[in-house]
Amino acid sequence: MARVRRVGTSTLRTAQWAAAGVLAGTGLLGLLLFALGREQAWQALGGGLVVAGASTVLGGALGFLFGVPRVKSGSGEPQGSYAPNTNLEQVSDWLTKVLLGVGLTQLGSLGERLHQLGTALAPALGGADSAVPFAAALVLYFLVLGFLAGWLVTRLALPQVLTDADQALDLFLAGQDRDRHGDKVGADDLRVRAMQHLGLLGGSAERPAALAAQLPPSSNSPAGPESVVAEVRSTAKRSALTADQVRELFTDGSEGRRIQALALMQGDPSLADLPSVLDAIEHPRSGFEQYHALLAARGLLSRLPGAEAQRLRDAVAAQLVDPRGIPYGSDRSWLAEKILSRLQVAAFVPAQPVQPAQLVEQSAQPAPSAPSAPPAGGNP
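The structure displayed is predicted, hence computed values, not measured ones. (Residues numbered from 1 in each chain as written. Predicted model: local features only at pLDDT ≥ 70, side-chain atom pairs only at ≥ 80, totals over all residues. Heavy atoms only, no water.)

Novice: Residues and numbers for the overall build of the chain, please.
Specialist: In terms of regular secondary structure, the chain is built from 15 helices and 2 strands. Scored against the burial criterion, the 380 residues of the chain give a buried share of 32%. Put simply, 63% of the contacts in the chain that link residues at least 6 apart link residues at least 24 apart. Surface summary for the chain: the accessible area is close to 23100 Å², and the carbon and sulfur share equals 61%. (Helix = DSSP H or I, 4+ residues; strand = E, 2+ residues; numbered from the N terminus. Buried < 20%, exposed > 50% of the residue type's maximum accessible area, 1.4 Å probe, protein only. Contact = heavy atoms within 4.5 Å. Areas by Shrake-Rupley, 256 points an atom, 1.4 Å probe, with all protein chains shown as cover.)

Novice: Could you give me a rundown of helix H5 (residues 131–180), with the residues and numbers involved?
Specialist: Along its 50 residues, H5 runs 69 Å from first to last C-alpha, staying within 8% of the 74 Å computed at 1.5 Å per residue. A maximum bend of about 35 degrees is found in H5 at Ala157, where proline Pro159 lies one to four positions downstream. Residue Gly182 follows H5 closely and has a positive phi angle near 90 degrees. (Expected span 1.5 Å × (residues − 1). Bend = angle between axes of the 7 residues up to and from the residue.)

Novice: Now, about the packing of helix H12 (residues 287–300) against helix H14 (residues 331–342): what can you tell me, with residues and values included?
Specialist: Axis separation between H12 and H14 bottoms out at 10 Å; the angle between their running directions is 25 degrees. Relative to H14, the element H12 lies roughly parallel. Crossing of H12 against H14: the hand is left-handed. Together, Gly287, Gln290, Tyr291, Leu294, Leu295, Ala297 and Arg298 of H12 and Asp331, Arg332, Leu335, Ala336, Lys338, Ile339 and Arg342 of H14 make up the contact between the two elements. A per-class count over the contact of H12 with H14 returns 7 nonpolar, 2 polar and 5 charged. (Axes fitted to C-alpha atoms, helices over the stretch in contact; angles between N-to-C directions. Parallel < 35°, antiparallel > 145°, perpendicular 65-115°, else oblique. Left-handed = near helix turned anticlockwise from the far one by under 90°. Nonpolar A, V, L, I, M, F, W, Y, C, P; charged D, E, K, R; others polar.)

Novice: Go over the confidence of the model for the chain, please, and point to the residues and values.
Specialist: Confidence in the prediction of the chain, expressed as mean pLDDT, is 78, and 74% of residues score 70 or more. Here helix H15 (residues 356–364) is the element of the chain with the lowest mean pLDDT, 45, and helix H11 (residues 274–282) is the one with the highest, 92. Below a pLDDT of 50 lies the segment residues 345–364, which in the model reaches 7 contacts outside its immediate sequence neighbourhood of four places, other chains included. Segment residues 367–380 is flagged for pLDDT under 50; beyond a separation of four residues in sequence, or across chains, it makes 1 contact in the model. (pLDDT = per-residue confidence, 0-100.)

Novice: Mind laying out the nonpolar core, listing which residues take part and the relevant values?
Specialist: Within the largest apolar cluster, 43 residues are counted, with the highest numbers of intra-cluster contacts made by Leu262, Val277, Ile281, Leu312 and Ile339. Looking at this core element by element, the count peaks at 8 residues for H12. Sequence-distant contacts of Leu262, that is, excluding residues within four places in its chain, are made with Phe250, Val277, Ala280, Glu289, His292, Ala293 and Ala296. If you look at the next biggest cluster of nonpolar residues, it comprises 16 residues, including Leu31, Ala35, Ala122 and Phe142. (Core = buried A, V, L, I, M, F, W, Y, C linked by side-chain atoms within 4.5 Å.)

Novice: Describe helix H10 (residues 255–267), with residues and values.
Specialist: Taking 1.5 Å as the rise per residue, H10 with 13 residues should run 18 Å; its terminal C-alpha atoms sit 19 Å apart, in good agreement. The element H10 is extensively covered by neighbouring structure, given that 12 of its 13 residues are classed as buried. Of the residues making up H10, those classed as buried are Glu255, Gly256, Arg258, Ile259, Gln260, Ala261, Leu262, Ala263, Leu264, Met265, Gln266 and Gly267.

Novice: How would you sum up the packing of aromatic side chains? Please name residues and give values.
Specialist: In total, this model carries 2 aromatic pairs according to the counting rule given. Relative to Phe142, the ring of Tyr141 has its centre 5.3 Å away and its plane inclined at 70 degrees; by these criteria the two rings are edge-to-face. On the basis of relative accessibility, which here comes to 31%, the residue Tyr141 falls in the partly exposed class. The lysine or arginine in question, Arg38, covers the ring of Phe34, its NZ or CZ lying 4.5 Å from the ring centre. (Phe/Tyr/Trp six-rings, centres within 6.5 Å; stacked < 30°, edge-to-face > 60°. Lys NZ or Arg CZ within 6 Å of the ring centre and 35° of its normal.)

Novice: Hey, could you go over the packing of H10 against H12 for me, with residue numbers and the actual values?
Specialist: Where H10 meets H12, the axes come as close as 8 Å, and the angle between the chain directions of the two elements is 20 degrees. Between H10 and H12, the angle falls in the class roughly parallel. By crossing handedness, the relation of H10 to H12 is classed as left-handed. Residue-level contacts link Glu255, Arg258, Ile259, Leu262, Met265 and Gln266 of H10 to Phe288, Glu289, His292, Ala293, Leu295 and Ala296 of H12. Across the contact of H10 with H12, the residue classes tally to 7 nonpolar, 2 polar and 3 charged.

Novice: Any chance you could break down the side chain of Gln290 for me, citing the residues and the numbers?
Specialist: Mapped onto the elements of the fold, Gln290 is located in helix H12. Of the polar contacts made by the side chain of Gln290, one reaches the side chain of Arg332; its length is 2.7 Å. The contacts of Gln290, once residues within four sequence positions are left out, are Ala280, Ile281, Pro284, Gln319, Ile326 and Arg332. (Polar contact = N/O pair within 3.5 Å; in protein donor to acceptor, adjacent residues only side chain to side chain.)

Novice: Kindly report on the pattern of salt bridges, identifying the contributing residues and their values.
Specialist: A full pass over the atoms with the stated rule returns 13 salt bridges. Here Asp188 and Lys338 are joined by a salt bridge, their closest N and O atoms 2.8 Å apart. Residue Asp188 is located in helix H6 (residues 184–197), and its partner Lys338 is located in helix H14; the two are separated by 150 residues in the primary sequence. On the accessibility criterion, Asp188 (0% relative accessible area) is buried. Residues participating in the shared-partner salt-bridge network are Asp179, Lys184, Asp188, Arg191, Arg298 and Lys338. (Salt bridge = Lys/Arg side-chain N within 4 Å of Asp/Glu carboxyl O.)

Novice: Any details on the side chain of Arg191? Residues and values, ideally.
Specialist: Along the chain, Arg191 falls in helix H6. The exposure class assigned to Arg191 is buried, which follows from its relative accessible area of 17%. Polar contacts involving the side chain of Arg191 include one to the side chain of Asp188, which spans 3.2 Å. With near-sequence residues (within four places) excluded, Arg191 lies in contact with Phe172, Gly175, Asp179, Trp334 and Lys338.

Given below as structure tokens:
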């Protein structure tokens with residue numbers, strides 16, 4: 001059913017773009033044919049394109065003003081939700097009442113105004129008598145086309161853009177609050193989700209429906225793997241599980257169990273197991289699992305000794321350079337780069353070994369002689 005709905009939506013969007021292209025193409029084709037019949041065809045074509053472009057921009061600006069959404073002010077509406085603007089309906093009602101009240105006898109001045117507009121624009125289209133009605137028609141055609149395009153685009157796209165921006169801002173503020181309370185992992189997770197809302201990072205939820213069925217049910221959060229993982233992470237420190245039990249949960253084998261174990265490690269670093277985290281980073285079942293393994297590794301940075309930190313650094317760096325590893329520009333690459341920035345390279349540089357040539361040179365040097373004892377009964 002979902003696939004049929006996606007196909008239907010794609011077909012409708014294609015038909016809409018095709019209709020818009022046909023409408024714009026019809027106007028431009030008429031302008032081209034009109035310009036070819038003028039003595040100065042290029043001048044007429046250029047002037048007509050400028051008039052059509054100006055009319056389209058003016059109509060689009062008017063459509064934008066009529067289509068700008070308003071914030072819902074009802075007490076039961078969620079914060080950051082938007083409703084379509086009804087100014088266009090109000091203006092339509094007003095115009096209908098005016099037309100009915102004044103009567104059709106007063107519409108004669110509209111034709112006069114259009115004739116004046118066509119006369120003013122006729123020199124740009126060749127200056128002949130036939131250019132007057134064509135100029136007026138060209139302005140009306142592209143003005144209405146631009147208005148409809150601007151209104152529809154604003155009505156359909158702008159509310160979603162504003163909603164995503166508000167949700168991203170809320171997530172950023174929540175991440176700062178988590179950071180102040182010492183929850184670095186939860187703060188990073190919220191920042192990543194905020195950047196995903198803004199389209200700055202790609203996601204890693206490759207199989208959300210299958211994962212939601214494998215993870216434990218969520219009672220306080222909306223459905224979805226991200227919400228379930230966040231709830232498991234928030235309850236990790238209150239859990240009675242031990243580190244060995246979390247490790248056994250990870251080695252259970254199913255992807256849902258592994259992600260649940262990683263969420264527990266994120267919430268309570270004392271439950272974390274570095275080999276399990278490295279396994280999920282180097283051999284993930286999905287990008288979603290690797291993402292949460294990187295979050296778990298992020299919480300372990302302050303607890304790792306030098307040798308284990310080196311292992312983590314090598315594993316993350318190898319996934320970044322592997323073409324089949326962490327994709328560039330994704331949420332995982334952002335976390336991986338942040339982890340590597342915390343792991344200072346200078347801390348892992350081993351001591352320089354002594355070269356064999358230096359050993360031979362040192363052995364060839366004579367050993368220092370011990371000071372001789374002074375002769376008995378005499379001065380040294």
